[in-house]
Amino acid sequence: MAKAPTVIGVITEPPAPTWWKANRHKAFGVTGLLIGYLIGTHLHGVPEQRPDTPRPGHTTPAPSTPGPHGTHTALGLAA
């Protein structure tokens, strides 16, 4: 005579996930996009400060008295 089948385990279906477990990746994604948008549109860099008057294109002042320039040649003599 054949043996009766032996029960090894019982398979049960797990309960359905809650709304949070099923949709938390969507909630985090939307929250991250919203925070990124707010940071990108509301945080500006330091505004560029422009001087009130234009600056000269050179850095050395003009001589106060006219006369020969103090330019020296390669031999060390005044030109």
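Remember, it's a predicted structure, so these values are computed and weren't measured experimentally. (Residues numbered from 1 in each chain as written. Predicted model: local features only at pLDDT ≥ 70, side-chain atom pairs only at ≥ 80, totals over all residues. Heavy atoms only, no water.)

A.B. asks: Give a description of helix 1 (residues 19-42) that names residues and reports values.
C.D. replies: The end-to-end C-alpha distance of helix 1 is 33 Å, a good match for the 34 Å that 24 residues give at a rise of 1.5 Å each. By the largest-angle criterion, histidine 25 marks the main kink of helix 1, which is about 40°. (Helix = DSSP H or I, 4+ residues; strand = E, 2+ residues; numbered from the N terminus. Expected span 1.5 Å × (residues − 1). Bend = angle between axes of the 7 residues up to and from the residue.)

A.B. asks: Tell me about the packing of aromatic side chains, and name the residues and values.
C.D. replies: This model, assessed by the stated rule, comprises 1 aromatic pair. Judged by centre distance (5.6 Å) and plane angle (80°), the rings of tryptophan 20 and phenylalanine 28 are edge-to-face. By relative accessible area, tryptophan 20 is classed as partly exposed at 41%. (Phe/Tyr/Trp six-rings, centres within 6.5 Å; stacked < 30°, edge-to-face > 60°. Buried < 20%, exposed > 50% of the residue type's maximum accessible area, 1.4 Å probe, protein only.)

A.B. asks: Lay out a nonpolar patch on the surface in plain terms, naming residues and giving numbers.
C.D. replies: There is a patch of nonpolar side chains on the surface, built from Trp19, Trp20 and Phe28 and spanning about 420 Å² of accessible area. Its place among the elements puts tryptophan 20 in helix 1. (Patch = residues over 30% accessible without salt bridge, like charges linked within 9 Å, V, L, I, M, F, W, Y side chains within 5 Å. Areas by Shrake-Rupley, 256 points an atom, 1.4 Å probe, with all protein chains shown as cover. Salt bridge = Lys/Arg side-chain N within 4 Å of Asp/Glu carboxyl O.)

Function-wise, these values are silent; they only describe arrangement.
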